[in-house]
Amino acid sequence: MAEATPDRQLPRGPAVRVLDLGVGASCIYPLLGTREYDWSFVGADIAPASLDWARRLVAADRIELRLQPDPRKLFATVTAPGETFAASLCNPPFYASAAEAAADTQRKLRNRAALQHTRNFGGQANGRDELAFVRRMIAESAQRPTLCRWFTTLVSQSSRLPELKTALTNARAAEVRIIPMQHGQKITRILARRF
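This text gives an overview of the structure that appears in the document. (Residues numbered from 1 in each chain as written. Predicted model: local features only at pLDDT ≥ 70, side-chain atom pairs only at ≥ 80, totals over all residues. Heavy atoms only, no water.)

## Thoughts on helix H2 (residues 48-57)
We count it as follows: Each residue's exposure class comes from its accessible area (1.4 Å probe, protein chains only) as a fraction of the maximum for that residue type: buried when under 20%, exposed when over 50%, partly exposed otherwise. Only runs of H or I of at least four residues qualify as helices and only runs of E of at least two qualify as strands under DSSP, and these elements are numbered from the N terminus. What the arc measures is the spread of directions leading from the helix axis to the C-beta atoms. Only heavy atoms enter the contact rule, under which two residues are in contact if any of them lie within 4.5 Å.
Those residues of H2 that fall on the buried side of the exposure criterion are Ser50, Leu51 and Ala54. Each buried residue of H2 sits inside an arc of 95° when the element is viewed along its axis, so together they form one side. Exposed positions of H2 whose direction lies more than 90 degrees from the buried face are Trp53 and Arg56. Against the buried residues of H2 lie strand E2 (40-45) and strand E3 (63-67).

## What about the sheet that holds strand E5 (residues 148-155)?
How we decide: In this analysis, strands are considered paired if DSSP registers two or more bridges between them. Between the N-to-C directions of two axes lies an angle of 0 to 180 degrees, each axis being a line fitted to C-alpha atoms and, for a helix, fitted only over the stretch in contact.
Strand order in the open sheet formed by 7 strands is E3-E2-E1-E4-E5-E7-E6, and the pairing between neighbours is mixed. Sheet topology places E3 and strand E6 (175-183) at the edges, where each strand pairs with a single neighbour. Strand-to-strand, the axes of this sheet are offset by a mean angle of 20°, without reference to chain direction. Examined bridge by bridge, strand E4 (residues 85-90) and E5 share 3 bridges and lie parallel to one another. Along E5, the bridge assignment pairs phenylalanine 85 with cysteine 148.

## A look at the side chain of aspartate 20
Convention followed: Only four residue types enter the charge count: Lys and Arg as positive, Asp and Glu as negative, with His and the chain ends excluded. Within this document, salt bridges are pairs made up of a side-chain nitrogen of Lys or Arg and a carboxyl oxygen of Asp or Glu, the two lying within 4 Å of each other.
Looking at the secondary structure, you find aspartate 20 in strand E1 (residues 17-21). Buried aspartate 20, no salt bridge; nearest opposite-charge side chain is arginine 193, N-O distance 12 Å. The residues contacting aspartate 20, other than those within four sequence positions of it, are Tyr29, Pro30, Val42, Gly43, Ala44 and Leu89.

## Brief notes about the pairing of E1
How we decide: With the strands pointing away from the viewer, any crossover whose connection runs clockwise from the first strand over the helix to the second is right-handed.
With 4 of its 5 residues buried, E1 lies for the most part within the structure. Pairing analysis gives 5 bridges linking E1 to E2, with the strands arranged parallel. Across the sheet, residue aspartate 20 finds its bridge partner in E2, namely glycine 43. For the crossover that starts at E1, traverses helix H1 (residues 28-37) and ends in the parallel E2, the hand is right-handed.

Dropping the structure here:
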């Protein structure tokens, strides 16, 4: 995948294939990617109900949805031998538990006094801890280094970066980039790596 620079745009067209791990019911990244860049997507999820809802949204033939039958795995069983992608992306669960998500919601409601704003906790029981989840992604991507040119994931808290950088060093990532993002008051970052 060619990289965007100020003088070079992101590549476009269906030949650019992207793997979305944990695509979810909204299928948002594939829908945006096909619309804005004309890319092709494979969206994987462990929840059959999420994939059923996503299928209702997907009209484009460039979005293929696959069930991950083994919730302990990320890349294996949803990708075929020899299959490659320009990038993988993932928006992992940010909370260690449903109780942690609820406590954060209550704190924000008290601070904002805005009862209409709540945090949605949709993580599965075996994927709730963001740090453990991203460390597992790093280990699995290192086992399949040619699957994707870039492996990316959102990381909600900058305090998690030192441990993740250590995991990437141990996995022998050839290149690591941290891309900051801000939308309103929400600050997050994309952790990108390639082997």
